[in-house]
Amino acid sequence: MDKDSSAAAESALSCSRCGKPAYLQCPKCVELKLPREGAAFCYSVCFFLLSSKQLSACSTQDCFKASWSSHKSVHFKSKLANVQSEQTQDGWLYCLRKGQTRTSELPYFDWTGALRPYPISQQRLVPEGLEKPDWAVDGIPKIEPNSDLQNIVEIKTPEQIERMRETCRSYRAELAQALIEPKLGLGWAQLGCTIAREVLDAAARIIRPGITTDEIDEVVHQATIAAGGYPSPLNYHFFPKSCCTSVNEVICHGIPDARKLEDGDIVNVDVTVYYKGVHGDLNETFFVGEVDEASQQLVRCTYECLEKAISIVKPGVRFREVGEVINRHATMSGLSVVKSYCGHGIGELFHCAPNIPHYGSILAGNKAVGIMKAGQTFTIEPMINAGVWRDRLWPDGWTAVTADGKRSAQFEHTLLVTETGVEVLTARLPSSPKVFPWLNS
């Protein structure tokens, strides 16, 4: 086609917004090989008289800019269609009703941000003979809801504490060096006795653009099983996966799915392992590729909130004070603290007393009662938002997202109150990946 006929063909397209002849096409639509109709836009040229002898011109893309907020949904639908066509295996469906229902259609929802759910794979299998919590088969916890430990903060025995140490950090930390990505052809048996901390470290090692959160879940699942443990979230109140992966505006309880992580994302991975009759729980928020400065500050502030809260843990401290410390540091940084979810007691039960709110004083609604005593074990896990603190729940019944679509970060440790202070049972190991710049300086 010669130049004149090519120009004539281009001008035959109409601007998607105003209907004028269109000479521009959305570059993302070109990349995704979408039809030109509906992706074409006009542009105008403005002339400015600089002097009696000089004339300057500039072009504007007003229609393209004005249409961008609605037009970009075309890109998401195209990506989603590609994902669905690639999932040739049975069972890749959207999750509904807290994991009890599946559907082939993207649920309708007034989404707060750019993120959308993707189809999830089938529930992963657990070998026979592995010690399992009582919800593993039918999704319903039996002991936990009615236990006296929902109202009484348990003082652990030395034997329970030793089991929790083993579950949280492992007694063979050197095996954390094992590279666990299946694509490299290394067996899961190399992981030996990798437990909660090392399982999370294993997940951290594969995080990069292009990896799906479902692949992260597979690493967590296989590493936990190889260590002789059970992934506590799996089928807990019907949760369909072995860990939670919360991306960008997801606050917590994100379900691993077929979406590929993108450069600039942040992703929280929340791991809990059931081993020798006790649970170990921790999570961290990771950078995916090159992340913007605001997200880096959000993640670092959240890390600092947890560290500052841990620093006050010792016998005699009120549980309420944890939230006061976290709230003070977050608000001084211009961030907000989620109020809907809190830290919790942990041990032979996944969740029990005490509740540990992360927000401010009793005037702000923090009604946590009681004081810390040696032998207690619980989690602190602040969720910090870049915007408002309020959250909304996706149709899957699990995924909590920020009400304004802005990003959220979280960090968590399982802690033991000692006679003189605190022991971080899920503390980072010398072999843990060096993924946080502020720890490397």
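Residues numbered from 1 in each chain as written. Predicted model: local features only at pLDDT ≥ 70, side-chain atom pairs only at ≥ 80, totals over all residues. Heavy atoms only, no water.

Where an unreviewed UniProt entry is consulted, the chain appears under the name Methionine aminopeptidase, with the organism given as Musa troglodytarum. Taken from UniProt, the Catalytic activity (unreviewed entry) comment for the chain reads in full: "Release of N-terminal amino acids, preferentially methionine, from peptides and arylamides." According to UniProt, the comment filed for the chain under the heading Function (unreviewed entry) is "Cotranslationally removes the N-terminal methionine from nascent proteins. The N-terminal methionine is often cleaved when the second residue in the primary sequence is small and uncharged (Met-Ala-, Cys, Gly, Pro, Ser, Thr, or Val)." (UniProt positions renumbered as here; feature names shortened; annotations may be inferred.)

**Observations concerning the overall build of the chain**
Helix and strand counts for the chain stand at eleven helices and 21 strands. Classification of the 441 residues of the chain by burial places 52% in the buried group. By sequence separation, contacts in the chain at least 24 residues apart represent 69% of the contacts at least 6 residues apart. As presented, the chain carries roughly 20400 Å² of accessible surface, and 53% of it is formed by carbon and sulfur atoms. (Helix = DSSP H or I, 4+ residues; strand = E, 2+ residues; numbered from the N terminus. Buried < 20%, exposed > 50% of the residue type's maximum accessible area, 1.4 Å probe, protein only. Contact = heavy atoms within 4.5 Å. Areas by Shrake-Rupley, 256 points an atom, 1.4 Å probe, with all protein chains shown as cover.)

**So, the sheet that holds strand E16 (residues 383-385)**
Pairing is antiparallel in the open sheet, where three strands are placed in the order E12-E16-E19. Bordering the open sheet on either side are strand E12 (336-337) and strand E19 (408-410), each of which pairs with just one other strand. Bridging between E12 and E16 involves two bridges; their strand directions are antiparallel. The residue of E16 that forms the bridge with Val-337 is Ile-384. (Pairing = 2+ DSSP bridges.)

**Things to note about the sheet that holds strand E9 (residues 250-252)**
In space, the three strands of this open sheet follow the order E9-E18-E17, with antiparallel pairing throughout. If you trace the sheet from one side to the other, it starts and ends with E9 and strand E17 (391-393), each paired once. Neighbour-to-neighbour, the strand axes of the sheet open up by a mean angle of 40°, direction not taken into account. Taken together, the two bridges between E9 and strand E18 (residues 400-402) define a ladder with antiparallel strand orientation. Bridging from a neighbouring strand, Val-250 pairs with Val-401 of E18. (Axes fitted to C-alpha atoms, helices over the stretch in contact; angles between N-to-C directions.)

**Concerning the confidence of the model for the chain**
Averaged over the chain, the pLDDT score is 85; the fraction of residues at 70 or greater is 82%. Across residues 84-89, confidence stays below pLDDT 50; counting only partners more than four residues off in sequence or on other chains, it has five contacts. Under a pLDDT of 50 for its full length, residues 171-194 has, in the predicted model, 46 contacts with residues more than four places off or in other chains. (pLDDT = per-residue confidence, 0-100.)

**Notes on the UniProt feature "binding site: a divalent metal cation 2" (unreviewed entry) in the chain**
Taking the numbering used here, the UniProt-annotated feature "binding site: a divalent metal cation 2" (unreviewed entry) corresponds to Asp-281, His-344, Glu-381 and Glu-412. These residues run over 132 residues, yet every pair of their C-alpha atoms falls within 10.8 Å of each other. Not counting the four nearest positions on each side in its chain, His-344 is found in contact with Asp-281, Phe-350, His-351, Cys-352, Pro-354, Ile-356, Phe-378, Thr-379, Glu-381 and Glu-412. Side-chain polar atoms of His-344 contact the side chain of Asp-281, separated by 3.3 Å. (Polar contact = N/O pair within 3.5 Å; in protein donor to acceptor, adjacent residues only side chain to side chain.)

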